[in-house]
Amino acid sequence: MGTKLKIILLLIGILVISACSNDNTQPEEEMDHSTMDQDTMDEHMSHDEVVSLNDSTGENELNIPPMLEPDAGDDNQVEYTVRAQKGKTEIFDGTETATYGYNGSFLGPTLRFKKGDQVKITTINELDEATTFHWHGLEVSADADGGPHEVIKPEEEKVIEFEVTQEASTLWFHPHPEGKTAEQVYNGLAGLFYIEDDNSKSLGLPNEYGKNDIPLIFQDRIFDDKKQLNFSADMNEDGTIGDTLLINGTLNPRLTVNKEKVRLRLLNGSNARNYTFKLNTGDSFDQIATDGGFLNEPVTLKEVTLTPAERAEIIIDFSQLNTDEEIALINEDGAVLLPFEVSDQKNGVASSIPEEMNNFSITEEEMNLPVTKKIELFGMMDQVTLNGKKFDPERIDFTQEQGVTEVWEIYNKPDEMGGMIHPFHIHGTQFKILSRDGKEPPENERGWKDTISIQPDERVKIAIQFKYKGVYMLHCHILEHEDSGMMGQIMVE
Ligand code: C2O
Ligand code: CU
Ligand code: CU
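Residues numbered from 1 in each chain as written. Chains lettered and ligands numbered in written order. Predicted model: local features only at pLDDT ≥ 70, side-chain atom pairs only at ≥ 80, totals over all residues. Heavy atoms only, no water.

Q: Teacher, can you tell me more about the overall build of the chain here?
A: From N to C terminus, the chain includes 8 helices and 32 strands. A total of 493 residues make up the chain; the buried ones form 54% of that total. A separation of at least 24 residues holds for 77% of the contacts in the chain among residues at least 6 apart in sequence. Accessible surface computed for the chain: about 20600 Å², of which carbon and sulfur atoms make up 45%. (Helix = DSSP H or I, 4+ residues; strand = E, 2+ residues; numbered from the N terminus. Buried < 20%, exposed > 50% of the residue type's maximum accessible area, 1.4 Å probe, protein only. Contact = heavy atoms within 4.5 Å. Areas by Shrake-Rupley, 256 points an atom, 1.4 Å probe, with all protein chains shown as cover.)

Q: Looking at this model, I keep getting lost on the sheet that holds strand β10 (residues 191-196). Mind explaining?
A: Hydrogen bonds between backbone groups are what pair the strands of a sheet, and the pairing can be parallel or antiparallel. If you trace the 4 strands from one edge of the open sheet to the other, you get β5-β10-β9-β7, paired in mixed fashion. A strand with exactly one partner marks an edge of an open sheet, and here the two such strands are β5 (111-114) and β7 (134-136). Neighbouring strand axes in the sheet, compared pairwise and without regard to direction, differ in orientation by 25 degrees on average. The pairing of strand β9 (residues 169-174) with β10 spans 5 bridges and is antiparallel. (Pairing = 2+ DSSP bridges. Axes fitted to C-alpha atoms, helices over the stretch in contact; angles between N-to-C directions.)

Q: So what exactly am I meant to see when it comes to the coordination of the copper ion (ligand 2) here?
A: Reference geometry at the metal: tetrahedral coordination by four donors gives ideal angles of 109.5 degrees; octahedral coordination by six donors gives 90 or 180 degrees. Protein-derived coordination of the copper ion (ligand 2) comes from His134 (NE2) and His425 (NE2), at a distance range of 1.9 Å. Pair noted here: His134 is in strand β7 and His425 is in strand β27 (residues 422-426), with a separation of 291 residues, a long-range link. Residue His134 shares its accessibility class with His425, and that shared class is buried. (Donors = N, O, S within 2.8 Å, 3.2 Å for Na, K, Ca; no water.)

Q: Explain empty space enclosed by the protein here, please?
A: This structure, assessed with the given rule, holds 3 cavities of 30 Å³ or more. Secondary-structure elements contributing two or more residues to the lining of the second largest cavity are α3 (142-145) and β8 (157-163). In terms of residue class, the lining of the second largest cavity is made up of 4 nonpolar, 2 polar and 3 charged. (1 Å grid on protein atoms, 1.4 Å probe; cavity = no way out; pocket = protein on both sides within 12 Å on 5 of 7 lines; lining within 4 Å. Points joined across faces, edges and corners; volume = space filled by probe spheres on them. Nonpolar A, V, L, I, M, F, W, Y, C, P; charged D, E, K, R; others polar.)

Q: I tried to follow the environment of Met491 on my own but got confused; where do I start?
A: Note that Met491 resides in strand β32 (residues 487-492). On the basis of relative accessible area, Met491 is assigned to the partly exposed category, the value being 27%. Sequence separation of Met491 and Gly470 is 21 residues, and the distance between their C-alpha atoms is 5.6 Å. Contacts of Met491, omitting those with residues within four sequence positions, involve Ile396, Phe398, Thr399, Gln400, Gly470 and Val471.

Q: Would you mind going over the coordination of the copper ion (ligand 3) with me for this structure?
A: Around the copper ion (ligand 3), the donor atoms from the protein are His422 (ND1), Cys476 (SG) and His481 (ND1), and they sit 2.0 to 2.2 Å away. Here the donor residues of the copper ion (ligand 3) are spaced in sequence according to H-x53-C-x4-H. Here the residue His422 occupies a position in strand β27, and His481 occupies one in helix α8 (residues 479-483), the gap between them amounting to 59 residues. Just as His422 is buried, His481 falls in that class too.

Q: Looking at this structure, how should I read the packing of aromatic side chains?
A: We describe a pair of aromatic rings using the distance from one ring centre to the other and the angle between the two ring planes. As enumerated under the stated definition, the model contains 18 aromatic pairs in all. Between Tyr275 and Phe277 the ring centres are 5.4 Å apart and the planes differ by 10 degrees, which places this aromatic pair in the stacked class. Neither residue differs from the other here; Tyr275 and Phe277 are each classed as buried. Where Trp408 meets Phe466, the ring centres are 6.4 Å apart and the plane angle is 40 degrees; that geometry is what we call tilted. Here Phe466 lies in the loop between β30 (459-464) and β31 (470-476) and Trp408 lies in strand β26 (residues 406-413), a separation of 58 residues in the sequence. (Phe/Tyr/Trp six-rings, centres within 6.5 Å; stacked < 30°, edge-to-face > 60°.)

Q: Even after reading the chapter, I still don't get the sheet that holds strand β14 (residues 253-258), so can you show me in this structure?
A: Read across the sheet, 6 strands follow the order β1-β14-β22-β21-β16-β19 without closing on themselves; strand pairing throughout is mixed. Both outer strands of the open sheet, β1 (60-61) and β19 (303-306), are each paired with one neighbouring strand and no more. Direction of pairing for β1 relative to β14: parallel, over a ladder of 2 bridges. Paired with Asn60 across the strands is Pro253, a residue of β14.

Q: What exactly am I supposed to notice about the pairing of β27 here?
A: Walk down a regular strand and you will see the side chains alternate between the two sheet faces. Across the 5 residues of β27, 5 count as buried, placing the element largely inside the fold. Burial along β27 is two-sided: His422, Phe424 and Ile426 and Pro423 and His425, pointing in opposite directions, are all buried. Where β27 lies against β31, 3 bridges are found, and the strand directions are antiparallel. Following the sheet pairing, His425 is matched in β31 by His475.

This is how it looks when you write it as C-alpha coordinates:
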(Lines give C-alpha, C1' and ligand atoms only; values in the text may rest on other atoms or scores of the structure.)
(Ligands and ions follow the chains in the order given, each with its own letter.)
Protein backbone atom coordinates (compact mmCIF):
# COMPACT_ATOMS: atom_id res chain seq x y z
CA MET A 1 0.00 0.00 0.00
CA GLY A 2 2.59 2.53 1.18
CA THR A 3 5.08 1.90 -1.59
CA LYS A 4 2.34 2.02 -4.20
CA LEU A 5 1.37 5.45 -2.95
CA LYS A 6 4.97 6.60 -3.11
CA ILE A 7 5.30 5.40 -6.67
CA ILE A 8 2.14 7.23 -7.64
CA LEU A 9 3.37 10.43 -6.00
CA LEU A 10 6.68 10.03 -7.79
CA LEU A 11 4.88 9.58 -11.09
CA ILE A 12 2.80 12.68 -10.47
CA GLY A 13 6.03 14.54 -9.77
CA ILE A 14 7.63 13.34 -12.97
CA LEU A 15 4.54 14.24 -14.96
CA VAL A 16 4.42 17.73 -13.49
CA ILE A 17 8.13 18.32 -14.07
CA SER A 18 8.05 17.06 -17.63
CA ALA A 19 4.90 19.01 -18.40
CA CYS A 20 6.50 22.22 -17.13
CA SER A 21 9.98 21.83 -18.58
CA ASN A 22 8.92 20.62 -21.98
CA ASP A 23 6.69 23.57 -22.61
CA ASN A 24 4.83 21.73 -25.35
CA THR A 25 7.93 21.12 -27.41
CA GLN A 26 7.51 17.37 -26.94
CA PRO A 27 5.58 15.42 -29.55
CA GLU A 28 1.97 14.66 -28.65
CA GLU A 29 2.37 10.96 -28.00
CA GLU A 30 4.67 11.60 -25.05
CA MET A 31 1.55 12.62 -23.17
CA ASP A 32 -1.02 10.10 -24.09
CA HIS A 33 -3.51 11.64 -21.70
CA SER A 34 -3.13 15.15 -23.03
CA THR A 35 -6.81 15.22 -23.86
CA MET A 36 -7.81 14.48 -20.30
CA ASP A 37 -8.57 17.32 -17.97
CA GLN A 38 -7.13 17.60 -14.50
CA ASP A 39 -10.25 16.24 -12.84
CA THR A 40 -10.04 13.06 -14.83
CA MET A 41 -6.39 12.68 -13.92
CA ASP A 42 -7.07 13.25 -10.24
CA GLU A 43 -9.82 10.67 -10.23
CA HIS A 44 -7.55 8.14 -11.83
CA MET A 45 -4.75 8.89 -9.39
CA SER A 46 -7.09 8.23 -6.56
CA HIS A 47 -8.07 4.87 -7.99
CA ASP A 48 -5.21 3.04 -6.35
CA GLU A 49 -6.06 4.59 -3.03
CA VAL A 50 -9.33 2.77 -2.78
CA VAL A 51 -11.57 3.95 0.03
CA SER A 52 -11.54 1.45 2.87
CA LEU A 53 -14.64 -0.47 3.85
CA ASN A 54 -16.28 0.28 7.16
CA ASP A 55 -15.85 -2.58 9.62
CA SER A 56 -18.86 -4.81 10.00
CA THR A 57 -20.23 -4.38 13.51
CA GLY A 58 -21.71 -7.85 13.24
CA GLU A 59 -25.09 -6.71 14.50
CA ASN A 60 -27.13 -8.48 11.80
CA GLU A 61 -27.19 -12.21 11.15
CA LEU A 62 -26.21 -12.84 7.55
CA ASN A 63 -29.09 -13.14 5.14
CA ILE A 64 -29.03 -16.42 3.20
CA PRO A 65 -30.69 -16.12 -0.22
CA PRO A 66 -33.64 -18.53 -0.49
CA MET A 67 -33.14 -21.61 -2.64
CA LEU A 68 -35.48 -21.23 -5.61
CA GLU A 69 -38.00 -24.05 -5.88
CA PRO A 70 -38.59 -25.28 -9.41
CA ASP A 71 -42.07 -24.60 -10.87
CA ALA A 72 -42.12 -28.10 -12.22
CA GLY A 73 -39.85 -30.90 -13.18
CA ASP A 74 -38.84 -34.41 -12.40
CA ASP A 75 -35.58 -36.26 -12.30
CA ASN A 76 -33.68 -34.61 -15.10
CA GLN A 77 -35.94 -31.77 -16.02
CA VAL A 78 -36.46 -28.56 -14.14
CA GLU A 79 -38.39 -25.40 -14.82
CA TYR A 80 -37.87 -22.11 -13.09
CA THR A 81 -39.26 -18.61 -13.35
CA VAL A 82 -36.96 -15.66 -12.72
CA ARG A 83 -38.38 -12.15 -12.64
CA ALA A 84 -36.36 -8.93 -12.60
CA GLN A 85 -38.21 -6.61 -10.26
CA LYS A 86 -37.90 -3.36 -8.43
CA GLY A 87 -38.83 -2.94 -4.83
CA LYS A 88 -37.93 -1.55 -1.47
CA THR A 89 -35.58 -3.18 1.00
CA GLU A 90 -34.91 -2.45 4.64
CA ILE A 91 -31.12 -2.54 4.51
CA PHE A 92 -30.88 0.00 7.33
CA ASP A 93 -33.22 -0.47 10.28
CA GLY A 94 -36.39 1.50 9.84
CA THR A 95 -35.54 2.90 6.38
CA GLU A 96 -36.53 1.62 2.98
CA THR A 97 -34.02 1.71 0.17
CA ALA A 98 -35.20 1.51 -3.43
CA THR A 99 -33.58 -1.59 -4.92
CA TYR A 100 -33.79 -4.12 -7.73
CA GLY A 101 -33.94 -7.86 -7.29
CA TYR A 102 -34.88 -11.19 -8.83
CA ASN A 103 -38.09 -12.73 -7.46
CA GLY A 104 -37.91 -10.24 -4.66
CA SER A 105 -36.81 -6.74 -3.88
CA PHE A 106 -33.05 -7.24 -3.55
CA LEU A 107 -30.55 -9.64 -5.12
CA GLY A 108 -31.91 -13.03 -6.09
CA PRO A 109 -32.63 -16.55 -4.93
CA THR A 110 -30.07 -19.31 -5.45
CA LEU A 111 -30.84 -21.79 -8.22
CA ARG A 112 -29.53 -25.33 -8.17
CA PHE A 113 -29.02 -27.54 -11.22
CA LYS A 114 -27.59 -31.01 -11.60
CA LYS A 115 -25.23 -31.93 -14.38
CA GLY A 116 -27.35 -33.56 -17.06
CA ASP A 117 -30.47 -31.54 -16.23
CA GLN A 118 -32.64 -30.14 -18.97
CA VAL A 119 -33.36 -26.68 -17.67
CA LYS A 120 -36.11 -24.34 -18.78
CA ILE A 121 -36.15 -20.83 -17.33
CA THR A 122 -38.86 -18.29 -17.98
CA THR A 123 -37.21 -14.90 -17.60
CA ILE A 124 -39.56 -11.97 -17.07
CA ASN A 125 -38.72 -8.29 -17.05
CA GLU A 126 -40.88 -6.38 -14.58
CA LEU A 127 -38.60 -3.34 -14.52
CA ASP A 128 -39.32 -0.06 -16.32
CA GLU A 129 -36.22 -0.49 -18.41
CA ALA A 130 -34.75 -3.11 -20.73
CA THR A 131 -32.58 -5.81 -19.22
CA THR A 132 -31.05 -9.20 -20.03
CA PHE A 133 -30.52 -12.33 -17.94
CA HIS A 134 -26.91 -13.43 -18.19
CA TRP A 135 -25.71 -16.76 -16.76
CA HIS A 136 -22.11 -16.03 -15.87
CA GLY A 137 -19.87 -19.06 -16.25
CA LEU A 138 -22.50 -21.28 -17.81
CA GLU A 139 -21.51 -23.28 -20.86
CA VAL A 140 -24.52 -22.66 -22.98
CA SER A 141 -25.42 -21.68 -26.54
CA ALA A 142 -25.22 -17.95 -27.15
CA ASP A 143 -28.98 -17.44 -27.48
CA ALA A 144 -29.44 -18.59 -23.87
CA ASP A 145 -26.41 -16.73 -22.54
CA GLY A 146 -28.20 -13.41 -22.05
CA GLY A 147 -25.56 -11.08 -23.41
CA PRO A 148 -26.37 -7.57 -24.63
CA HIS A 149 -28.09 -8.89 -27.77
CA GLU A 150 -30.74 -10.76 -25.79
CA VAL A 151 -32.66 -7.66 -24.73
CA ILE A 152 -35.92 -8.16 -22.87
CA LYS A 153 -38.09 -5.09 -22.83
CA PRO A 154 -40.26 -4.08 -19.89
CA GLU A 155 -43.21 -6.46 -19.43
CA GLU A 156 -41.72 -8.94 -21.87
CA GLU A 157 -40.50 -12.43 -21.18
CA LYS A 158 -38.24 -14.96 -22.78
CA VAL A 159 -37.94 -18.68 -22.23
CA ILE A 160 -34.50 -20.20 -22.41
CA GLU A 161 -33.69 -23.90 -22.47
CA PHE A 162 -30.40 -25.63 -22.07
CA GLU A 163 -28.79 -28.80 -20.87
CA VAL A 164 -26.30 -28.61 -18.01
CA THR A 165 -23.14 -30.17 -19.38
CA GLN A 166 -20.44 -28.87 -17.07
CA GLU A 167 -19.18 -30.00 -13.71
CA ALA A 168 -20.12 -28.90 -10.21
CA SER A 169 -19.43 -25.21 -9.65
CA THR A 170 -20.63 -21.95 -8.17
CA LEU A 171 -21.85 -19.61 -10.90
CA TRP A 172 -23.93 -16.45 -10.90
CA PHE A 173 -26.45 -14.51 -12.90
CA HIS A 174 -26.79 -10.81 -13.50
CA PRO A 175 -28.11 -8.39 -16.13
CA HIS A 176 -26.05 -7.42 -19.17
CA PRO A 177 -27.83 -4.65 -21.11
CA GLU A 178 -25.47 -2.57 -23.22
CA GLY A 179 -24.23 0.43 -21.26
CA LYS A 180 -26.47 -0.29 -18.27
CA THR A 181 -24.94 -3.35 -16.64
CA ALA A 182 -23.10 -1.45 -13.90
CA GLU A 183 -26.19 0.43 -12.78
CA GLN A 184 -28.52 -2.56 -12.77
CA VAL A 185 -26.11 -4.75 -10.84
CA TYR A 186 -25.43 -1.88 -8.45
CA ASN A 187 -29.13 -1.54 -7.76
CA GLY A 188 -29.32 -5.19 -6.76
CA LEU A 189 -29.63 -7.52 -9.72
CA ALA A 190 -27.41 -10.50 -9.00
CA GLY A 191 -27.91 -14.05 -7.81
CA LEU A 192 -26.08 -17.34 -7.51
CA PHE A 193 -26.65 -20.65 -9.18
CA TYR A 194 -24.99 -23.91 -8.29
CA ILE A 195 -24.26 -26.93 -10.38
CA GLU A 196 -23.98 -30.24 -8.56
CA ASP A 197 -22.82 -33.54 -10.00
CA ASP A 198 -22.06 -37.08 -8.83
CA ASN A 199 -18.58 -36.03 -7.83
CA SER A 200 -19.68 -33.08 -5.71
CA LYS A 201 -22.24 -35.27 -3.96
CA SER A 202 -19.78 -38.03 -3.18
CA LEU A 203 -16.88 -35.95 -1.86
CA GLY A 204 -18.32 -35.51 1.62
CA LEU A 205 -17.70 -31.77 1.65
CA PRO A 206 -19.91 -29.54 3.76
CA ASN A 207 -23.07 -29.20 1.69
CA GLU A 208 -25.95 -28.14 3.89
CA TYR A 209 -27.10 -24.94 2.31
CA GLY A 210 -27.02 -22.02 4.73
CA LYS A 211 -25.72 -24.24 7.57
CA ASN A 212 -22.22 -25.32 6.70
CA ASP A 213 -22.29 -24.41 3.00
CA ILE A 214 -22.67 -20.65 2.88
CA PRO A 215 -23.11 -18.39 -0.14
CA LEU A 216 -21.35 -15.03 0.27
CA ILE A 217 -21.94 -12.28 -2.29
CA PHE A 218 -19.62 -9.34 -1.54
CA GLN A 219 -20.73 -5.95 -2.82
CA ASP A 220 -19.65 -2.47 -1.79
CA ARG A 221 -22.04 0.43 -2.04
CA ILE A 222 -22.41 4.13 -1.35
CA PHE A 223 -25.58 5.24 0.41
CA ASP A 224 -26.69 8.87 0.36
CA ASP A 225 -27.97 10.65 3.45
CA LYS A 226 -31.45 9.26 2.81
CA LYS A 227 -29.90 5.78 2.70
CA GLN A 228 -30.58 5.43 -1.00
CA LEU A 229 -28.38 4.11 -3.79
CA ASN A 230 -27.72 6.84 -6.28
CA PHE A 231 -25.73 5.37 -9.11
CA SER A 232 -25.63 8.34 -11.46
CA ALA A 233 -24.34 10.61 -8.69
CA ASP A 234 -21.76 8.18 -7.31
CA MET A 235 -20.66 6.48 -10.50
CA ASN A 236 -16.94 6.38 -11.14
CA GLU A 237 -15.85 5.54 -14.66
CA ASP A 238 -13.06 3.37 -13.27
CA GLY A 239 -15.59 1.44 -11.26
CA THR A 240 -17.92 2.57 -8.54
CA ILE A 241 -16.41 1.82 -5.16
CA GLY A 242 -18.23 2.33 -1.89
CA ASP A 243 -17.36 2.40 1.79
CA THR A 244 -20.28 0.21 2.83
CA LEU A 245 -20.08 -3.53 2.43
CA LEU A 246 -23.13 -5.67 1.97
CA ILE A 247 -22.85 -9.44 2.05
CA ASN A 248 -25.90 -11.11 0.51
CA GLY A 249 -27.43 -7.66 0.89
CA THR A 250 -26.85 -7.67 4.66
CA LEU A 251 -25.39 -4.60 6.29
CA ASN A 252 -23.02 -5.25 9.22
CA PRO A 253 -23.33 -9.01 8.85
CA ARG A 254 -22.21 -11.74 11.22
CA LEU A 255 -22.30 -15.45 10.55
CA THR A 256 -23.10 -17.96 13.23
CA VAL A 257 -21.33 -21.25 12.64
CA ASN A 258 -20.86 -24.50 14.48
CA LYS A 259 -17.48 -25.75 15.62
CA GLU A 260 -16.93 -27.67 12.40
CA LYS A 261 -15.77 -27.36 8.83
CA VAL A 262 -17.66 -24.60 7.07
CA ARG A 263 -17.62 -24.09 3.33
CA LEU A 264 -17.83 -20.51 2.11
CA ARG A 265 -18.67 -19.85 -1.51
CA LEU A 266 -17.15 -16.44 -2.10
CA LEU A 267 -18.37 -14.32 -4.99
CA ASN A 268 -16.93 -10.91 -5.65
CA GLY A 269 -20.16 -9.36 -6.92
CA SER A 270 -18.84 -5.80 -6.72
CA ASN A 271 -18.71 -3.45 -9.67
CA ALA A 272 -15.01 -2.79 -9.26
CA ARG A 273 -13.54 -3.48 -5.82
CA ASN A 274 -10.93 -6.22 -5.40
CA TYR A 275 -10.84 -8.17 -2.14
CA THR A 276 -8.07 -10.10 -0.47
CA PHE A 277 -9.81 -12.29 2.06
CA LYS A 278 -8.04 -13.56 5.16
CA LEU A 279 -8.73 -14.46 8.76
CA ASN A 280 -7.97 -11.86 11.41
CA THR A 281 -6.19 -14.54 13.45
CA GLY A 282 -3.76 -15.28 10.64
CA ASP A 283 -5.02 -18.85 10.49
CA SER A 284 -5.09 -20.62 7.17
CA PHE A 285 -7.98 -22.17 5.29
CA ASP A 286 -8.35 -24.45 2.29
CA GLN A 287 -9.45 -23.34 -1.14
CA ILE A 288 -11.36 -26.17 -2.81
CA ALA A 289 -12.83 -24.62 -5.94
CA THR A 290 -12.22 -21.93 -8.55
CA ASP A 291 -14.82 -20.22 -10.76
CA GLY A 292 -15.77 -23.31 -12.70
CA GLY A 293 -15.13 -26.37 -10.54
CA PHE A 294 -13.11 -28.14 -7.87
CA LEU A 295 -9.36 -27.94 -7.67
CA ASN A 296 -7.69 -31.32 -7.89
CA GLU A 297 -6.66 -31.04 -4.27
CA PRO A 298 -7.33 -28.51 -1.54
CA VAL A 299 -4.87 -25.62 -1.50
CA THR A 300 -3.98 -24.29 1.94
CA LEU A 301 -3.82 -20.51 1.97
CA LYS A 302 -3.65 -17.60 4.35
CA GLU A 303 -5.36 -15.28 1.91
CA VAL A 304 -7.17 -15.33 -1.40
CA THR A 305 -7.73 -12.43 -3.77
CA LEU A 306 -10.83 -12.12 -5.91
CA THR A 307 -11.35 -9.45 -8.56
CA PRO A 308 -14.89 -8.67 -9.72
CA ALA A 309 -16.88 -11.75 -10.83
CA GLU A 310 -14.30 -14.26 -9.61
CA ARG A 311 -15.36 -16.98 -7.19
CA ALA A 312 -13.53 -19.21 -4.75
CA GLU A 313 -14.86 -21.87 -2.45
CA ILE A 314 -12.96 -22.11 0.78
CA ILE A 315 -13.30 -24.26 3.88
CA ILE A 316 -12.58 -22.92 7.34
CA ASP A 317 -12.32 -25.57 10.00
CA PHE A 318 -13.71 -23.93 13.12
CA SER A 319 -13.09 -27.06 15.15
CA GLN A 320 -9.36 -26.40 14.75
CA LEU A 321 -9.44 -22.71 15.64
CA ASN A 322 -9.13 -21.11 19.01
CA THR A 323 -12.68 -19.89 19.38
CA ASP A 324 -11.99 -17.96 22.58
CA GLU A 325 -10.67 -15.34 20.23
CA GLU A 326 -12.89 -13.24 18.00
CA ILE A 327 -12.68 -14.71 14.52
CA ALA A 328 -13.55 -12.72 11.44
CA LEU A 329 -13.01 -12.67 7.74
CA ILE A 330 -11.12 -9.47 7.00
CA ASN A 331 -9.89 -7.65 3.94
CA GLU A 332 -6.24 -7.07 3.12
CA ASP A 333 -6.28 -3.64 4.77
CA GLY A 334 -7.75 -5.08 7.97
CA ALA A 335 -11.36 -4.01 7.42
CA VAL A 336 -13.66 -6.49 9.16
CA LEU A 337 -15.90 -8.03 6.53
CA LEU A 338 -17.62 -10.87 8.36
CA PRO A 339 -17.28 -11.63 12.07
CA PHE A 340 -18.08 -15.23 13.02
CA GLU A 341 -20.01 -16.29 16.05
CA VAL A 342 -18.91 -19.80 16.83
CA SER A 343 -21.53 -21.79 18.68
CA ASP A 344 -20.57 -24.82 20.70
CA GLN A 345 -22.93 -27.02 18.79
CA LYS A 346 -21.71 -29.75 16.56
CA ASN A 347 -23.56 -30.70 13.49
CA GLY A 348 -24.86 -34.26 13.24
CA VAL A 349 -23.24 -34.93 9.89
CA ALA A 350 -19.49 -34.73 9.82
CA SER A 351 -17.91 -33.45 6.66
CA SER A 352 -14.42 -33.84 5.30
CA ILE A 353 -12.01 -32.36 2.83
CA PRO A 354 -10.82 -35.17 0.59
CA GLU A 355 -7.27 -35.19 -0.73
CA GLU A 356 -8.49 -35.71 -4.27
CA MET A 357 -11.40 -33.75 -5.61
CA ASN A 358 -11.07 -33.47 -9.36
CA ASN A 359 -9.13 -34.50 -12.43
CA PHE A 360 -8.42 -31.13 -13.99
CA SER A 361 -5.40 -31.28 -16.27
CA ILE A 362 -3.50 -29.29 -18.82
CA THR A 363 -2.27 -31.48 -21.63
CA GLU A 364 1.11 -31.36 -23.33
CA GLU A 365 -0.74 -30.56 -26.52
CA GLU A 366 -2.43 -27.54 -24.98
CA MET A 367 0.91 -26.33 -23.61
CA ASN A 368 2.44 -26.54 -27.07
CA LEU A 369 -0.27 -24.83 -29.08
CA PRO A 370 0.75 -21.55 -30.69
CA VAL A 371 -1.00 -18.34 -29.64
CA THR A 372 -3.79 -17.77 -32.15
CA LYS A 373 -5.55 -14.82 -30.56
CA LYS A 374 -4.12 -11.79 -28.84
CA ILE A 375 -6.13 -9.49 -26.67
CA GLU A 376 -4.82 -6.21 -25.40
CA LEU A 377 -6.57 -4.41 -22.58
CA PHE A 378 -5.73 -0.76 -22.29
CA GLY A 379 -6.78 2.49 -20.72
CA MET A 380 -8.75 3.88 -17.88
CA MET A 381 -11.93 5.79 -17.14
CA ASP A 382 -14.11 5.97 -20.25
CA GLN A 383 -11.01 5.69 -22.47
CA VAL A 384 -10.78 1.92 -22.03
CA THR A 385 -10.34 -0.28 -25.08
CA LEU A 386 -9.96 -3.91 -26.08
CA ASN A 387 -7.46 -4.29 -28.92
CA GLY A 388 -7.63 -0.54 -29.39
CA LYS A 389 -11.36 -0.56 -30.01
CA LYS A 390 -14.57 0.00 -28.19
CA PHE A 391 -17.49 -2.40 -28.25
CA ASP A 392 -19.60 -2.36 -31.38
CA PRO A 393 -22.57 -4.75 -31.31
CA GLU A 394 -22.41 -4.89 -35.12
CA ARG A 395 -18.76 -5.96 -35.25
CA ILE A 396 -17.42 -9.47 -34.74
CA ASP A 397 -13.89 -9.21 -33.38
CA PHE A 398 -12.89 -12.86 -33.37
CA THR A 399 -14.05 -16.19 -34.70
CA GLN A 400 -13.33 -19.67 -33.38
CA GLU A 401 -14.43 -23.12 -34.39
CA GLN A 402 -16.80 -24.94 -32.06
CA GLY A 403 -15.01 -27.57 -29.96
CA VAL A 404 -11.50 -26.55 -31.04
CA THR A 405 -9.02 -25.54 -28.37
CA GLU A 406 -7.02 -22.40 -29.02
CA VAL A 407 -4.46 -20.55 -26.97
CA TRP A 408 -5.10 -16.88 -26.37
CA GLU A 409 -2.72 -14.36 -24.94
CA ILE A 410 -4.20 -11.54 -22.95
CA TYR A 411 -2.03 -8.53 -22.24
CA ASN A 412 -2.78 -5.64 -19.90
CA LYS A 413 -0.90 -2.76 -21.49
CA PRO A 414 0.14 -0.21 -18.87
CA ASP A 415 -0.11 3.54 -19.34
CA GLU A 416 2.13 6.33 -18.02
CA MET A 417 0.51 6.07 -14.65
CA GLY A 418 1.05 2.36 -14.40
CA GLY A 419 -2.39 1.21 -15.35
CA MET A 420 -4.73 -0.91 -13.30
CA ILE A 421 -5.88 -4.47 -12.83
CA HIS A 422 -8.53 -5.54 -15.32
CA PRO A 423 -10.57 -8.66 -14.48
CA PHE A 424 -11.04 -10.32 -17.85
CA HIS A 425 -14.07 -12.51 -18.50
CA ILE A 426 -15.27 -14.65 -21.40
CA HIS A 427 -18.85 -15.81 -21.83
CA GLY A 428 -20.14 -19.28 -22.54
CA THR A 429 -17.12 -21.29 -21.46
CA GLN A 430 -14.63 -22.23 -18.75
CA PHE A 431 -10.96 -22.01 -19.67
CA LYS A 432 -7.55 -22.98 -18.29
CA ILE A 433 -4.73 -20.64 -17.33
CA LEU A 434 -1.54 -21.94 -18.98
CA SER A 435 0.83 -19.27 -17.75
CA ARG A 436 1.17 -15.86 -16.17
CA ASP A 437 4.14 -13.96 -17.60
CA GLY A 438 5.54 -17.27 -18.77
CA LYS A 439 5.29 -18.86 -15.33
CA GLU A 440 2.99 -21.56 -14.08
CA PRO A 441 -0.13 -20.07 -12.49
CA PRO A 442 -0.42 -20.29 -8.69
CA GLU A 443 -1.81 -23.56 -7.32
CA ASN A 444 -5.20 -22.10 -6.57
CA GLU A 445 -5.62 -21.10 -10.22
CA ARG A 446 -5.04 -24.59 -11.58
CA GLY A 447 -8.70 -25.18 -12.18
CA TRP A 448 -11.51 -23.95 -14.43
CA LYS A 449 -11.79 -20.19 -14.73
CA ASP A 450 -14.14 -17.81 -16.50
CA THR A 451 -12.71 -14.57 -15.09
CA ILE A 452 -9.06 -13.79 -14.38
CA SER A 453 -7.33 -10.83 -12.88
CA ILE A 454 -4.64 -9.34 -15.09
CA GLN A 455 -2.08 -7.02 -13.57
CA PRO A 456 -0.66 -4.05 -15.46
CA ASP A 457 1.97 -5.27 -17.93
CA GLU A 458 1.05 -8.89 -17.30
CA ARG A 459 0.63 -11.42 -20.10
CA VAL A 460 -1.62 -14.39 -19.45
CA LYS A 461 -1.99 -17.39 -21.71
CA ILE A 462 -5.14 -19.45 -21.60
CA ALA A 463 -6.38 -22.57 -23.37
CA ILE A 464 -9.98 -22.15 -24.39
CA GLN A 465 -12.67 -23.88 -26.36
CA PHE A 466 -16.39 -23.32 -26.81
CA LYS A 467 -18.89 -26.19 -26.68
CA TYR A 468 -21.67 -24.26 -28.41
CA LYS A 469 -22.12 -21.89 -31.31
CA GLY A 470 -23.06 -18.27 -31.44
CA VAL A 471 -21.79 -14.83 -30.55
CA TYR A 472 -20.26 -14.40 -27.09
CA MET A 473 -18.89 -11.43 -25.19
CA LEU A 474 -15.43 -11.05 -23.74
CA HIS A 475 -14.81 -8.08 -21.54
CA CYS A 476 -13.38 -6.42 -18.49
CA HIS A 477 -15.60 -7.20 -15.49
CA ILE A 478 -15.16 -3.79 -13.93
CA LEU A 479 -18.74 -3.13 -14.93
CA GLU A 480 -18.18 0.54 -15.73
CA HIS A 481 -15.35 -0.46 -18.09
CA GLU A 482 -17.61 -2.99 -19.75
CA ASP A 483 -20.32 -0.33 -20.14
CA SER A 484 -17.72 2.06 -21.61
CA GLY A 485 -16.95 -0.48 -24.31
CA MET A 486 -14.05 -2.55 -22.99
CA MET A 487 -15.74 -5.52 -24.61
CA GLY A 488 -15.44 -7.52 -27.79
CA GLN A 489 -17.36 -10.31 -29.48
CA ILE A 490 -16.38 -13.73 -30.65
CA MET A 491 -18.39 -15.77 -33.10
CA VAL A 492 -18.18 -19.50 -32.57
CA GLU A 493 -19.00 -21.41 -35.75
CU1 C2O B 1 -20.55 -11.57 -15.50
CU2 C2O B 1 -20.42 -10.51 -19.37
O3 C2O B 1 -20.51 -11.02 -17.42
CU1 CU C 1 -20.43 -13.70 -18.16
CU1 CU D 1 -11.07 -2.77 -16.81
